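# Close look at the chain arrangement
Chain by chain, the residues run as shown.
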2 protein chains.
Amino acid sequence: MTWVTSAQGSGYGVEHLPYGVFRVGDGAPRIGVRIGDLVFDLAGAEAADLVLAGGALALPTLNTFLALGRPQWMAVRQRITELLTESAHRAAVEPLLVPLDEVQMELPFEVADYVDFYSSEQHASNVGQIFRPGQPPLLPNWKHLPIGYHGRAGTVVVSGTPVVRPQGQRPGPDGPVYGPSARLDIEAEVGFVVGVPSPLGSRVAAADFADHVFGVVLVNDWSARDIQAWEYQPLGPFLGKSFATSVAAWVTPLDALRHAFVPAPDQDPPVAGYLRDEPHLGLDLRLTVNWNGEPVSEPPFAGMYWTPAQQLAHLTVNGASLRTGDLYASGTVSGPRRDQVGSFLELTWGGAEPITVAGAERTFLADGDTVTITATAPGPDGGTITLGEVTGLVLPAR
Amino acid sequence: MTWVTSAQGSGYGVEHLPYGVFRVGDGAPRIGVRIGDLVFDLAGAEAADLVLAGGALALPTLNTFLALGRPQWMAVRQRITELLTESAHRAAVEPLLVPLDEVQMELPFEVADYVDFYSSEQHASNVGQIFRPGQPPLLPNWKHLPIGYHGRAGTVVVSGTPVVRPQGQRPGPDGPVYGPSARLDIEAEVGFVVGVPSPLGSRVAAADFADHVFGVVLVNDWSARDIQAWEYQPLGPFLGKSFATSVAAWVTPLDALRHAFVPAPDQDPPVAGYLRDEPHLGLDLRLTVNWNGEPVSEPPFAGMYWTPAQQLAHLTVNGASLRTGDLYASGTVSGPRRDQVGSFLELTWGGAEPITVAGAERTFLADGDTVTITATAPGPDGGTITLGEVTGLVLPAR
């Protein structure tokens with residue numbers, strides 16, 4: 001148990017210790033871990049020889065630390081746990097604890113490539129029914145491989161960054177119309193952050209997932225449904241997605257999620273050999289989507305059809321290399337019930353079934369709306385950990 | 001005229017001066033420009049105060065130099081031209097000239113995001129006829145916007161890098177089959193390299209093309225047609241493209257292409273305001289695709305329906321930011337004749353019409369094949385410049 005008594009029961013105790021990059025005033029970005037409502041300044045801790053990571057913690061992004069690999073991740077985590085639990089270290093560590101409300105959070109890692117999957121069967125089925133009514137809701141390939149595509153890494157932003165409503169072409173009655181998107185939406189997702197790279201021309205086995213993936217961030221893959229609908233054939237989503245993707249400021253290490261792994265749904269038909277992961281495990285992350293402060297949906301990540309280990313194996317089966325900082329997201333997380341879906345497209349069934357949010361009838365996002373996605377996961381001893389939230393305010397089109 | 005007499009008439013005179021990154025033996029990567037069959041070591045030139053670029057030429061990639069912007073690009077180009085034309089500089093410069101056959105070329109810039117367009121009407125029509133026979137060859141959106149998608153930046157490799165045949169799922173008579181791609185193909189394209197970034201939430205006008213784009217590289221967007229065919233619905237190409245994209249080692253500055261701009265094809269229907277570029281100019285680059293040394297096609301870039309300025313305006317119309325090192329490629333360059341197409345899919349009409357290459361009947365790529373794409377462009381005084389080639393050898397699947 002940590003001597004930071006305020007951290008106990010916060011979801012940010014020593015059983016969690018997510019990493020982020022913070023700034024105080026005009027200072028340089030610094031790496032820290034969150035403990036309760038405090039940031040433990042790891043740049044300062046490494047400078048004081050309290051933690052040793054070969055200088056990786058003195059840098060303005062997590063990337064060099066992420067590249068060190070699991071043995072080093074575990075050693076640093078173990079050391080931080082000692083520092084925050086053994087009272088002998090309190091005097092040295094306490095000056096390095098900064099209240100969260102005195103810092104500004106930065107993008108925690110430089111994103112190399114960003115891939116977005118589409119791995120919730122409920123989400124894919126819902127989208128199929130909305131866009132292709134009367135046809136089979138899932139396309140023939142869906143249960144054979146984790147469908148995915150590359151997104152724009154350069155527009156991945158940290159939680160709290162406002163999102164400007166995108167302009168673009170959308171379908172109109174007499175051909176395309178240009179202007180601000182009228183169907184701005186969210187996608188509540190879970191992202192996986194690659195630490196250890198792999199060489200071009202080789203594959204990463206599903207079994208090696210935890211050797212390459214450092215941790216998890218919540219993701220909001222903002223989506224302009226009207227722009228997407230007009231542009232996406234035949235090469236997939238482009239400008240309907242590339243204007244902003246928000247990620248949480250705090251990266252939760254896989255080591256903090258040991259108690260969250262649960263059996264993933266059975267897969268039928270059987271999957272190709274390279275996609276077999278034994279044990280076949282998902283993560284019991286319980287998301288909440290808050291629209292202007294009102295919880296409107298609780299997507300259950302445990303029900304995802306394809307697991308993150310399968311996604312990683314698929315991503316590299318063609319010999320594609322991994323780089324430190326690669327981010328791959330799960331795809332929208334939707335459960336079987338209407339109050340478990342991860343997009344407003346589904347929540348309002350393509351805009352046809354408005355819902356009431358804070359007393360107003362709503363379909364897609366209005367300027368001035370704020371969406372905040374939160375999540376918890378099972379922790380040790382029946383407790384829970386709280387993932388770093390991802391939030392964003394919608395600004396009017398420019 | 002340059003005092004490097006061997007450069008005259010080579011396509012790499014002082015009217016060209018493409019930038020690259022080279023290495024001698026185990027030495028560190030250095031920035032250079034090509035003059036004839038020599039590399040002018042710009043890191044050495046900057047260290048000797050022969051060229052001033054604030055240290056940007058002393059780095060292992062072009063990115064910092066690319067970020068400097070057009071006035072600096074022009075000033076450095078002007079200075080290099082002086083050094084290579086005025087005989088007074090010969091004694092200082094000559095020790096900095098390294099024969100090309102003594103160097104190893106590296107990826108010239110770190111790729112930020114990689115976008116691939118689909119802007120040849122002939123190519124899109126051919127693909128439509130091959131994949132959707134009996135239906136309109138172009139989809140309804142094609143003439144309203146430059147269709148594009150994001151590719152994998154981390155697997156962009158420099159010309160000369162061997163390409164390992166990808167494995168993956170492909171369509172079979174009784175469902176998907178796993179194994180090496182049986183329909184490995186090329187796409188001959190022209191890539192545009194972004195130097196000057198733009199902020200998130202703003203647009204880049206077509207008229208500002210030359211303020212942001214530094215130059216041009218030939219691109220081979222290797223494609224596994226069978227993997228692509230099975231995976232691409234509904235989110236577009238993924239593993240069928242992400243295993244390797246080759247780019248030339250030499251980046252030709254836009255300033256070397258002043259004589260290559262030509263009126264682009266008329267566009268009907270009229271395009272949206274943000275896509276109007278006046279003057280509406282394409283580039284008269286004449287590509288040749290060489291298969292195992294035999295020229296099999298001569299794609300004409302001047303006929304592309306969408307111009308690079310329009311592609312840039314479209315890419316950012318939703319507020320997506322640009323980063324230094326962003327690469328966007330034209331899409332496969334195909335002209336109206338069969339001997340002008342930029343893919344083997346088209347050249348052999350989906351594999352149904354084999355061609356004879358070096359005495360053998362061929363459809364798609366075999367292990368051991370080499371494909372080299374070259375190009376020329378009009379230069380000053382009726383001359384031509386030669387773009388840096390992009391070449392790759394196909395290795396067997398692992």
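Within an unreviewed UniProt entry, the label attached to chain A reads fumarylacetoacetase, and the organism entered is Micromonospora endophytica. Under the UniProt heading Pathway (unreviewed entry), the entry covering chain A gives this text: "Amino-acid degradation; L-phenylalanine degradation; acetoacetate and fumarate from L-phenylalanine: step 6/6."

## A few points about the overall build of chain A
A tally of regular secondary structure across chain A gives 9 helices and 26 strands. The C-alpha radius of gyration computed for chain A amounts to 21 Å, which stays within 12% of the reference 21 Å derived for 398 residues, consistent with globular compactness. Referenced to the eigenvectors of the C-alpha coordinate spread, the extents of chain A come out at roughly 70 × 50 × 40 Å. For chain A, with 398 residues in total, the buried portion stands at 61%. A fraction of 72% describes how many contacts in chain A between residues 6 or more apart in sequence connect residues 24 or more apart. Accessible surface computed for chain A: about 13700 Å², of which carbon and sulfur atoms make up 53%. Across chain A, 24 positive and 42 negative side-chain charges occur, with their mean positions spaced 3 Å apart.

## Quick word on the UniProt feature "binding site: Ca(2+)" (unreviewed entry) in chain A
All names here are of chain A. Within this structure's numbering, the places UniProt gives as "binding site: Ca(2+)" (unreviewed entry) are D116, E187, E189 and D221. The largest pairwise C-alpha distance within this set of annotated residues, which runs over 106 residues, is 10.8 Å, so the set is compact in three dimensions. For D116, the position within the fold is in strand β6 (residues 114–117). When near neighbours in sequence (up to four residues on either side) are disregarded, D116 contacts I147, G148, Y149, E187, E189, D221, A329 and G331.

## Some thoughts on the relation of the copies chain B and chain A
Expressed as a screw operation, the relation of chain B to chain A combines 0.0 Å of axial shift with a rotation of 180 degrees, fitting to an RMSD of 0.0 Å. Accordingly, the operation relating the two chain copies is best matched by a two-fold axis. Taking C-alpha positions as the reference, the residue of chain B nearest the rotation axis is G236 of chain B, at 2.0 Å.

## Some details on the environment of M1 of chain A
Inspection of the secondary structure assignment puts M1 of chain A in the segment before β1 (19–23). Not counting residues up to four positions away in its chain, the partners in contact with M1 of chain A are Q8 and T85 of chain A.

## Digging into the interface of chain B and chain A
The interface of chain B with chain A comprises 54 residues on the first partner and 54 residues on the second. When the two sides are added together, the surface that chain B and chain A hide from each other amounts to roughly 5300 Å², 58% of it contributed by carbon and sulfur. Summed over the three residues of chain B that lose the most area to chain A, namely R152, L235 and F238 of chain B, the buried surface amounts to 16% of that side. The tally of links from chain B across to chain A stands at 2 salt bridges. Across the pair D326 of chain B and R152 of chain A runs a salt bridge, and its minimum N-O distance is 2.9 Å. On inspection of chain B and its partner chain A, the count reaches 28 residue pairs in polar contact (both at pLDDT 80 or more). At the level of elements, β6 (114–117), β7 (148–151), β10 (167–170), α7 (225–231) and α8 (308–316) of chain B are the ones that each hand at least two residues to the side of chain B that touches chain A. Classifying every residue of the side of chain B that touches chain A gives 31 nonpolar, 16 polar and 7 charged.

## Points about helix α3 (residues 70–85) of chain A
Residues and elements named next belong to chain A. Taking 1.5 Å of rise per residue, the 16 residues of α3 would be expected to cover 22 Å, and the 22 Å separating its terminal C-alpha atoms lies within 8% of that figure. Looking at α3, one finds that the buried residues are R70, W73, V76, R77, I80, L83 and L84. Looking straight down α3, one finds that the buried residues subtend no more than 150 degrees of arc, so they occupy a single side.

## A closer look at the domain arrangement of chain A
Residue and element names in this part refer to chain A. You can read the domains of chain A as domain 1 (5–106) and domain 2 (114–395). A straight line from the C-alpha centre of domain 1 to that of domain 2 covers 28 Å. Counting residues at the interface gives 26 residues for domain 1, matched by 26 residues for domain 2. Between domain 1 and domain 2, the buried area comes to about 2000 Å², and carbon and sulfur atoms account for 65% of it. Contact with domain 2 buries surface across domain 1, with L66, R70 and W73 losing the most and accounting together for 28% of the total. Here domain 1 is connected to domain 2 by 1 salt bridge. As a salt-bridge pair, D255 and R70 come within 2.9 Å of each other at their nearest N and O atoms. Here domain 1 is connected to domain 2 by 9 residue pairs in polar contact (both at pLDDT 80 or more). Those elements that place two or more of their residues in the side of domain 1 that touches domain 2 are β1, β2 (30–35), α2 (63–66), α3 and β5 (104–106). Sorting elements by how many residues they give to the side of domain 1 that touches domain 2 places α3 first, with 4 residues.

## Observations regarding the pairing of β6 of chain A
All names here are of chain A. Of the two faces of β6, the one holding Y114 and D116 and the one holding V115 and F117 are both buried throughout. In this sheet, strand β7 (residues 148–151) lies alongside β6 in antiparallel orientation, the contact comprising 4 bridges. Bridged to Y114 within β7 is G151. Across 3 bridges, the pairing between β6 and strand β22 (residues 327–329) is parallel. Bridge pairing in β22 places Y114 opposite L327.

## Some thoughts on helix α5 (residues 121–131) of chain A
Turning to α5 of chain A, its buried residues number three or more, namely H123, A124, S125, N126, V127, G128 and I130 of chain A. Buried residues along α5 of chain A sit in contact with α9 (344–347) of chain A.

## Section: the sheet that holds strand β25 (residues 370–378) of chain A
Residue and element names in this part refer to chain A. An order of β9-β26-β25-β20-β21 is seen for the 5 strands of this open sheet, with the pairing classed as mixed. Two strands close off the open sheet at either side, each with one partner strand: β9 (163–164) and β21 (294–297). The pairing of strand β20 (residues 286–291) with β21 spans 3 bridges and is antiparallel. What sits directly across from N290, in β21, is P295.

Rules used throughout
- Residues numbered from 1 in each chain as written.
- Chains lettered and ligands numbered in written order.
- Predicted model: local features only at pLDDT ≥ 70, side-chain atom pairs only at ≥ 80, totals over all residues.
- Heavy atoms only, no water.
- UniProt positions renumbered as here; feature names shortened; annotations may be inferred.
- Helix = DSSP H or I, 4+ residues; strand = E, 2+ residues; numbered from the N terminus.
- Rg over C-alpha atoms; globule rule 2.2 N^0.38 Å.
- Buried < 20%, exposed > 50% of the residue type's maximum accessible area, 1.4 Å probe, protein only.
- Contact = heavy atoms within 4.5 Å.
- Areas by Shrake-Rupley, 256 points an atom, 1.4 Å probe, with all protein chains shown as cover.
- Lys, Arg positive; Asp, Glu negative; His and termini not counted.
- Charge placed at Lys NZ, Arg CZ, Asp CG, Glu CD.
- Least-squares fit on C-alpha atoms with pLDDT ≥ 70 in both.
- Buried area = accessible area lost by both parts, 1.4 Å probe.
- Salt bridge = Lys/Arg side-chain N within 4 Å of Asp/Glu carboxyl O.
- Polar contact = N/O pair within 3.5 Å; in protein donor to acceptor, adjacent residues only side chain to side chain.
- Nonpolar A, V, L, I, M, F, W, Y, C, P; charged D, E, K, R; others polar.
- Expected span 1.5 Å × (residues − 1).
- Arc of directions from axis to C-beta.
- Domains from an automatic or database assignment.
- Pairing = 2+ DSSP bridges.

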